[in-house]
Amino acid sequence: MYLFFLWSTIDARWASPFDVRIDHHKADITHDLVINTARPRFSWKISRLDNLLYRNVQQAAYQLQLQSIQITERDNRFECDSERVNSSQSTHVSYTCQSDLLSSKYYRFRVRVWITKLEESSEWTNWIRFRTPIFNLHEYIIRNDNLLWIGSTKINMNELRKEFLVPNDSPLKSAIAYISGLGYYEFYLNGFKVDSSRKLDPGWTTYEKRTLLVSFDVSTNITTGMNAVGVKLGNGWYSQEQHGEFNYGPPRLIFILFILFENGGEMQIFSDQTWTGREGSIKHDSVYSGEMCDSRNDRSNWSRAGFNDSLSAWIMPESMPSPINISRNGLIVLQDMPPIRAGSDALHLEVEIDNQHQRYLNSEDIGKIKGASLTDGIRTFDLGQNMVGWCRIRFHGPSGFGVYIRHGEILTQPVVSTNHSARNIYTENLRDATASDTYVLRGDLINEIYEPTFTVHGFRYLSIFGAPNALTLDDVECPFVHSETTVKGHFSTSNPIINQIQHNIQWGQLSNIMSLPTDCPQRNERRGWMGDAALSVDEALYNFDLIKFYQNFLNLIVDVQRDDGEVPNYVPGNSYPADPNWGTALPTITWQVYRHYNDMHTLEAYYDHVVAYVEYLCGVYNLTGLANFTVIYGDWVPPPPQPMTNKHLIASFAFLHDVYLLINMSQVLGKQGDTNTYLVLYQQLAEEFHRVFFSTSKNFYADGMQAAQVLALALPEVVPANVREAVVNQLVNDINQNNIHLTTGIVSTAQLYPVLSDNGHHDLALELISSTTYPSYGYMFTNPYENATTIWELWNAPLTGPGMNSRNHIMYGSVGAWFYSHLAGIDVSSNMITIRPRMASEAKKYLLSKLDCQLSTLYGLIHISYTRDEHDTISNSILLHITVPTNTQARIILEPLLIGGRCKTLIEGHNIIWSSDIGNRYVEGFDIEKDSITGFMTVYIGSGQYEFQAIWQ
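Residues numbered from 1 in each chain as written. Predicted model: local features only at pLDDT ≥ 70, side-chain atom pairs only at ≥ 80, totals over all residues. Heavy atoms only, no water.

1. Section: the domain arrangement of the protein chain
One can read the domain layout of the protein chain as domain 1 (17-132), domain 2 (136-335), domain 3 (367-479), domain 4 (527-814) and domain 5 (832-952). In this structure, domain 1 and domain 4 have C-alpha centres spaced 39 Å apart. Taken together, the contact pairs seven residues of domain 1 with eight residues of domain 4. Taken together, both faces of the contact between domain 1 and domain 4 bury some 590 Å²; the carbon and sulfur share is 44%. When residues of domain 1 are sorted by the area they lose upon contact with domain 4, His 24, Arg 41 and His 92 head the list and together hold 70% of the total. In this structure, the connection of domain 1 to domain 4 is made through three salt bridges. (Domains from an automatic or database assignment. Contact = heavy atoms within 4.5 Å. Buried area = accessible area lost by both parts, 1.4 Å probe. Salt bridge = Lys/Arg side-chain N within 4 Å of Asp/Glu carboxyl O.)

2. Re the state of the cysteines
Structurally, a disulfide amounts to a covalent bond that connects the sulfur atoms of two cysteines. This model, assessed by the stated rule, comprises two disulfides. Across the disulfide from Cys 80 sits Cys 97; the S-S distance is 2.0 Å. The sign of the S-S torsion, about -105 degrees, decides the handedness of the disulfide formed by Cys 80 and Cys 97: left-handed. Taken together, the residues span a long stretch of sequence, with Cys 80 in strand S5 (residues 79-81) and Cys 97 in the loop between strand S6 (93-94) and strand S7 (106-115) at a distance of 17 residues. The class of Cys 97 is buried, set by a relative accessible area of 5%. Each sulfur in the disulfide pair Cys 391 and Cys 478 lies 2.1 Å from the other. Taking the sign of the S-S torsion, 95 degrees for the link of Cys 391 and Cys 478, the bridge is right-handed. (Disulfide = S-S within 2.5 Å. Helix = DSSP H or I, 4+ residues; strand = E, 2+ residues; numbered from the N terminus. Buried < 20%, exposed > 50% of the residue type's maximum accessible area, 1.4 Å probe, protein only.)

3. Remarks on the pattern of salt bridges
Note on pairing: side chains with opposite charge can pair once their charged atoms come close. Counted by the stated rule, this structure contains 53 salt bridges. Residue Asp 19 is joined to Lys 26 by a salt bridge in which the shortest nitrogen-to-oxygen separation is 2.7 Å. In this structure Lys 26 comes out as buried when scored by relative accessible area, which is 7%. Across the salt bridge formed by Glu 163 and Arg 161, the nearest N and O atoms sit 3.1 Å from each other. Since its relative accessible area comes to 8%, Arg 161 is described here as buried. Among the charged side chains, a network of salt bridges with common partners joins Asp 19, Arg 21, Lys 26, Asp 28, Lys 45, Glu 350 and Asp 545.

4. A closer look at the side chain of Thr 873
Relative to the helices and strands, Thr 873 resides in the loop between strand S44 (861-867) and strand S45 (877-894). Once residues lying within four places of it in the same chain are set aside, the contact partners of Thr 873 are Thr 867, Arg 868, Leu 879 and Gln 949.

5. Some points on helix H13 (residues 706-714)
Within H13, eight of the nine residues are buried, leaving the element largely enclosed by the surrounding structure. The set of residues buried in H13 consists of Gln 706, Ala 707, Ala 708, Gln 709, Val 710, Leu 711, Ala 712 and Leu 713. Tucked into the core, H13 has its buried residues touching helix H11 (647-668), helix H12 (672-693), strand S40 (700-701), helix H14 (721-737) and helix H15 (746-758).

6. Looking at the nonpolar core
Among the nonpolar cores identified, the biggest contains 221 residues, and Tyr 701 and Phe 819 are the most heavily contacted of them. What Tyr 701 contacts, discounting residues up to four positions off in sequence, is Leu 649, Phe 689, His 690, Phe 693, Phe 694, Ala 708, Gln 709, Ala 712, Val 718, Val 719, Pro 720 and Val 727. Formed by 28 residues, the second largest nonpolar core is a distinct cluster that contains Ala 27, Val 93, Val 113 and Ile 128. (Core = buried A, V, L, I, M, F, W, Y, C linked by side-chain atoms within 4.5 Å.)

7. With respect to the sheet that holds strand S24 (residues 340-342)
Across the sheet, three strands lie side by side as S14-S24-S36; this open sheet has antiparallel pairing. Among the strands making up the open sheet, the edge pair consists of strand S14 (198-199) and strand S36 (481-483). (Pairing = 2+ DSSP bridges.)

8. What to know about the sheet that holds strand S28 (residues 392-395)
By definition, the strands of a sheet pair up through backbone hydrogen bonds, in either a parallel or an antiparallel sense. On the basis of which strands lie adjacent, the open sheet formed by three strands has the order S33-S28-S35 and antiparallel pairing. Only two strands of the sheet have a single neighbouring strand rather than two, namely strand S33 (448-450) and strand S35 (476-477). Pairing of S28 with S35 involves two bridges; the strand directions are antiparallel. Bridging from a neighbouring strand, Arg 392 pairs with Glu 477 of S35.

9. A look at the environment of Phe 270
Inspection of the secondary structure assignment puts Phe 270 in strand S18 (residues 266-270). With a relative accessible area of 10%, Phe 270 lands in the buried category. The spacing of Phe 270 and Ala 177 is 93 residues in sequence and 9.8 Å in space, taken between C-alpha atoms. Those residues within four positions of Phe 270 in sequence are excluded, and the remaining contacts are Tyr 140, Asn 144, Asn 146, Leu 147, Lys 162, Phe 255, Ile 256 and Trp 275.

10. Focus: the packing of aromatic side chains
By the definition in use, this model includes 46 aromatic pairs. Plain terms: the ring middles of Tyr 178 and Phe 258 are 6.1 Å apart, the flat faces sit at 85 degrees to each other, and that makes the pair edge-to-face. Linking Tyr 178 in strand S11 (residues 172-182) with Phe 258 in strand S17 (residues 252-261), this pair joins segments that are 80 residues apart in sequence. Under the relative-accessibility criterion, Phe 258 is labelled buried at 17%. Centre to centre, the rings of Phe 395 and Tyr 439 are 5.9 Å apart; their planes meet at 20 degrees, and the pair counts as stacked. A residue pair is termed long-range when its members are at least 10 positions apart, and Phe 395 in strand S28 and Tyr 439 in strand S32 (residues 436-440) qualify at 44 residues. For Phe 395, a relative accessible area of 0% corresponds to the buried category. Aromatic rings pair up to connect Phe 491, Tyr 542, Tyr 753, Tyr 777, Trp 795, Tyr 812, Trp 818, Phe 819 and Tyr 820 into one cluster. Above the face of the Trp 124 ring, Arg 110 is positioned so that its terminal group lies 4.1 Å from the ring centre. (Phe/Tyr/Trp six-rings, centres within 6.5 Å; stacked < 30°, edge-to-face > 60°. Lys NZ or Arg CZ within 6 Å of the ring centre and 35° of its normal.)

What follows is the structure, given as structure tokens:
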């Protein structure tokens, strides 16, 4: 009767699918949805029916409708209806219409679904509108003789404008712009910036191989009569000053505007020599060294029609060479990833960070996390958080008054004799990057706001010299700037040290996604170092939605991959050959994108490039063997005074790792011949690795250091069963001999924590991550010198010189993946979600007695929350809340809380579903297995919310 009442209250139609995606673009947050493929794929999430007691809800069928939108009278109507498709697939659903989507057209689509628990379908989603660009964009551009790249070699022409007349013969139906300004541009139309939060566009590439164009729908920005377009240009990375490319610069622009009218007429505006240009108020700009802006040269109406400037010389631009090198198969392509944005538009949420529903944690458990508050120190402003961006500053003063703005990550240390600090910004670790902005006031009557345009800084502290007015907190606003993304992971525990590390990782990761993954955001580097990208990608994809971002980076890698398969250490760049632990970015990122998104197309797109890279490594190996395998950086920056372990072992680890990934890729793609070939190779390499690097007399690898044991143990089938225990013991003993501290560099640290957890020493891993003395993650924010809010480059940052000493480096952020994969225990790499939180022993549960984790997947939100606190549950037990998203199933693995322990009772809700006295009780919706050897309890469940209590004895 109770269940019937619940069902009877449900409307015949229930909520529509949500978070709909097309070609990986999130429709709900993308204002102008541009789909650059003729046959896109679709994904959606099914709303959870919280007012039903029913669980295990699966999609039974879907229906997808797609229509063209007629823009002009000449357009043909196109409709496609899948009708009801009996399928549970709700991710990467293929476009099945007979006809491909056409170039430069508007479309709309909607979807509805049926589920196994209801006969009626869901509501339809709203119609989702999108458009297609010019599909053959590169060909269109190179064949159009009227379209020019324009700029100047004579003056710093960084403002260009053109006026044009739109006739009123017929109503305007659409206006589509394509633009690229190198290195950076800002696009204005009729007095307003188009897409105001979009910054530092287009994305950085190897410009001669790939230059990105951006498309805007400006239909609502154009009017009949006179219109004006204006473009500001910045040097960006297309500059000899920036990184010494002799053929880069000066800035240049390409622009196309297509206008269509209701009667089928059209007009086009191209960048050509009918435009005019001048040097604007930005006198110099540099990514590393900031911006010089004399606002007396601002012209308020410069991008409006009818503008007249009696104070500046607007001259005809030159026709500039294209940045593309046709002989190297260079391409001009559409930018198909989210842009860099400033402020709130840069970050979206798919997790409920402040929601305490169904959590066992409270604010006292979590502890006070350092970072992200704004406090003031006279004219040195402390943001409370190391971040990336710039500041908008309000000034009031006379015309011509100059202000100098300096940025830094830390303050100078106090004088030892007096313990007094002058609170000056420390800038030596920025090396040749001055990270400073100069602003000359216009002298506005009320006040004026300065915000840099074509530079970006990594900083926590801001010094303002020579301000004409006393500045307060209200005069300074600092937007966080990074590639637009969505937070998909939230992780917090009862261990404040872990919580602060998670905070530092997330801020550090966001600081280093600037159209490509960078190493650091502050000094004269900021490059796409592939080692850093490979180490952090797993963590990044747990925390943020970055599939388009990483697919773009893979494109940048293969752009510069040589014919023999070789890749460089960083991209863009020509630092050949790559250290194997840097070159691994190509196979590693390809595999991790597949793992996190189950996206076969990514494997298919880059598989041949991965094969070529592995074959290149095979060629190197044939000359050297593993004993002398090529190496450059090795296990970079272990904590002083620790030495680095055998470098050839470290490089060999990367080689074996990549061969093993290639085996997995070939299996997924059904390439059995490749699978067989590389299995034979891997078995040969595994035997050689052990034979070359293992000391039979000492029973450990290489010199016995932690790194050597960790890397050997992390490789499948390398350490023989008869010596595995000895190798694990060597690792554990070394950690204990170092007073529970690590001695590892960036490569082995990424493997250290999973290896300990997977080899019976999870307690030790928790003790290690909880350490606050040198060297440790906790030391970064509990030392007496400075309190880190991001991840350091060096374990001993305050105690070493400035040459290479970033306070915002993501390479050691790799441990964040372990938080999700082991502490929360989430694995989404197969059709069956696995949830296996690794447990501290009962004696060590104080290290991690409570945990709460959310992970937004393509199916919906996974939520895991547990407590072992005896205020919440009895001793030797765990209270575990699980949310499994609709249209999925999960395998919950519960570990014994005691050594040799066995489960006594397993309760879900208020029902005993398993007991050691009577075994498995049949309860609908649960399939339970007990492993008699390990004591593990495995529960198979469908979608829904559950609360388990497992009691152990």
